[in-house]
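Structural characterization, general
In case you want the letters, here they are:
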Amino acid sequence: MAKIIVVTSGKGGVGKTTSSAAIGTGLALAGKKTVIVDFDIGLRNLDLIMGCERRVVYDFVNVINGEANLKQTLIKDKRVDNLFILPASQTRDKDALTKEGVERVLNELSAEFDFIICDSPAGIESGAMMALYFADEAVVVTNPEVSSVRDSDRILGMLSSKSRRAEQGLEGIKEHLLLTRYNPERVIKGEMLSVEDVKEILAIELVGVIPESQAVLNASNSGQPVILDEESDAGQAYLDTVKRLLGEAVPFRFLTVEKKGFIKRLFGG
Amino acid sequence: MSLLDYFRSTKKNTASTAKERLQIIVAHERKRRSGPDYLPQLERDILEVIRKYVDIPADQVAVSLEQRGDELSVLELNITFPDEKR
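All of these numbers come straight from a predicted model, not from anything done at the bench.

This part is about the overall build of chain A. When helices and strands are counted, chain A shows 13 helices and eight strands. Its C-alpha atoms give chain A a radius of gyration of 18 Å, near enough to 18 Å, the size a compact globule of 269 residues would have. When the backbone C-alpha atoms are referred to their principal axes, chain A occupies close to 60 × 40 × 35 Å. Looking at chain A residue by residue over its 269 residues, the buried ones come to 54%. If you take every contact in chain A between residues at least 6 apart in sequence, the share linking residues at least 24 apart comes to 73%.

Rendered as structure tokens:
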């Protein structure tokens, strides 16, 4: 039985796909057989972030409709063992996903994988609902900014009322807060909500803080999940996040401003 | 304004403003979520009825349902009427 983790946020552009790619890759690096499923039907992008856009033949909707099987459709990552991608359809609309169809595919995946990462589309419409419905755990991606925090709270409401676990009266979805695009310099200046502020408002457990970083754009430019850039602050922060998801207690890093030394200031870095 | 104030930062810390605003709106929306589905419609209907007699703005009616113990829930209605003297 796989553990199903939805990566969701409500608001768009906060880093769901970047985080799905990084977390999925990180779990595979840790030896867990992992598949990342793109639920953003019509606006597929996980393939691009993972750098496998030219290898897409069939997609999620094809599998649901029985036009292709999982073996034909899953894309095996060329860099990391145990890592697979199930791409979204680019041509259909979001209503192409049915609860029965999604359940059948997830059940089939569940028999083979340790982790299923569901990369949710933005919004609270059917695609997003479908991505969270079957989840065991949720990573709520949030930027330290008012509209993102508010939308995250909305999504937390959905997780606790509109999921399968809620409907069947099972133990609720385990919710994790992932704060992205964090800029400690601006927090100190009083221009940005702090980790503590967001934690206090949303009242869920913190699983990671990803600093605002040039490495994220570099990674997406080149189709490499940022977690593979182990030198970078964002890559390391995602590695820590994956460890915490696996139950390890890891201290939080990149929460304070790093003082640049004279040499660093002179030569950049 | 003293000379000292001139050197002190008088800029309002926007992060704390953001936090305060979020705390209020999130609490409000959570309360609404936890209530029964009919509550917003009930609120609108009550407002309609009152408006037949008194002209009041929409934000002057507050309806809340409070659970008191297992067996009792109280529907609380708070309506602010406009000042008659004006």
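So, on to a nonpolar patch on the surface. A grouping of B:Tyr38, B:Leu65 and B:Leu75 is seen on the molecular surface, where their side chains present a nonpolar patch of about 290 Å² in accessible area. Within the secondary structure, B:Leu75 sits in strand 2 (residues 72–79).

Glancing now at the interface of chain A and chain B. At the interface, 14 residues of chain A touch 12 residues of chain B. A combined buried area of about 1,300 Å² lies between chain A and chain B, and 55% of that area is made up of carbon and sulfur atoms. Looking only at chain A, the three residues that lose the most surface to chain B are A:Arg150, A:Asp153 and A:Ile201, adding up to 42% of its buried area. Inspection of the region where chain A meets chain B yields five salt bridges. The salt bridge involving B:Arg33 is made with A:Asp153; its shortest N-O contact spans 3.2 Å. For the side of chain A that touches chain B, the element with the most residues is helix 7 (residues 146–161) of chain A, which contributes six residues. Among the residues making up the side of chain A that touches chain B, the classes are represented as six nonpolar, two polar and six charged.

The next thing to look at is the side chain of A:Arg165. Residues and elements named next belong to chain A. Structurally, the position occupied by Arg165 is in helix 8 (residues 164–167). Side-chain polar atoms of Arg165 contact the side chain of Asp136, separated by 2.9 Å. Here the side chain of Arg165 touches Glu171 through a polar contact of 2.9 Å, landing on its backbone oxygen. Ignoring sequence-local partners within four residues, the contact set of Arg165 consists of Tyr133, Ala135, Asp136, Leu170, Glu171, Gly172 and Ile173.

With that settled, consider the nonpolar core. Residues A:Phe60 and A:Leu109 are the most contacted members of the largest nonpolar core, which totals 56 residues. Ignoring sequence-local partners within four residues, the contact set of A:Phe60 consists of A:Val37, A:Asp38, A:Phe39, A:Ile41, A:Thr73, A:Leu86, A:Pro87, A:Ala88, A:Leu97, A:Val102 and A:Val105.

This paragraph deals with the UniProt feature "binding site: ATP" (unreviewed entry) in chain A. All names here are of chain A. Listed under "binding site: ATP" (unreviewed entry) in the UniProt record, and renumbered for this structure, are Lys11, Gly12, Gly13, Val14, Gly15, Lys16, Thr17 and Thr18. Inspection of the secondary structure assignment puts Lys11 in the loop between strand 1 (3–8) and helix 1 (16–29). Judged by its relative accessible area of 26%, Lys11 falls in the partly exposed class. Locating Gly15 in the fold gives a position in the loop between strand 1 and helix 1. If near-sequence neighbours (up to four positions away) are discounted, Gly15 is found in contact with Val141 and Tyr238.

Quick look at unusual backbone geometry now. Excluding glycine, most residues fall at negative phi; most peptide bonds, likewise, are trans. Residues and elements named next belong to chain A. With a phi angle near 60°, Arg181 is a residue other than glycine that sits in the positive phi range. Tracing the backbone shows Arg181 in strand 7 (residues 174–182). A positive phi is found at Phe254, a non-glycine position, where the angle reads about 60°. On the secondary structure map, Phe254 appears in the loop between helix 12 (233–245) and helix 13 (262–267).

Okay, the packing of helix 1 of chain A against helix 12 of chain A next. Residues and elements named next belong to chain A. Relative orientation of the contacting elements helix 1 and helix 12 amounts to 65°, with a least axis distance of 9 Å. In the packing of helix 1 onto helix 12, the handedness of the crossing is right-handed. Between helix 1 and helix 12, the residues in contact are Thr18, Ser19, Ala22, Ile23, Gly26 and Leu27 and Tyr238, Val242 and Leu245, respectively.

Here we come to the environment of B:Leu22. Here B:Leu22 lies in helix 2 (residues 14–34). Along the primary structure B:Leu22 and B:Ser73 are separated by 51 residues, whereas in three dimensions their C-alpha atoms are 28 Å apart. Setting aside its immediate chain neighbours within four residues, B:Leu22 contacts A:Val146, A:Val149, A:Arg150, A:Leu193, A:Ile201 and B:Ala27.

Cut-offs and rules
Residues numbered from 1 in each chain as written. Chains lettered and ligands numbered in written order. Predicted model: local features only at pLDDT ≥ 70, side-chain atom pairs only at ≥ 80, totals over all residues. Heavy atoms only, no water. Helix = DSSP H or I, 4+ residues; strand = E, 2+ residues; numbered from the N terminus. Rg over C-alpha atoms; globule rule 2.2 N^0.38 Å. Buried < 20%, exposed > 50% of the residue type's maximum accessible area, 1.4 Å probe, protein only. Contact = heavy atoms within 4.5 Å. Patch = residues over 30% accessible without salt bridge, like charges linked within 9 Å, V, L, I, M, F, W, Y side chains within 5 Å. Areas by Shrake-Rupley, 256 points an atom, 1.4 Å probe, with all protein chains shown as cover. Salt bridge = Lys/Arg side-chain N within 4 Å of Asp/Glu carboxyl O. Buried area = accessible area lost by both parts, 1.4 Å probe. Nonpolar A, V, L, I, M, F, W, Y, C, P; charged D, E, K, R; others polar. Polar contact = N/O pair within 3.5 Å; in protein donor to acceptor, adjacent residues only side chain to side chain. Core = buried A, V, L, I, M, F, W, Y, C linked by side-chain atoms within 4.5 Å. UniProt positions renumbered as here; feature names shortened; annotations may be inferred. Axes fitted to C-alpha atoms, helices over the stretch in contact; angles between N-to-C directions. Left-handed = near helix turned anticlockwise from the far one by under 90°.

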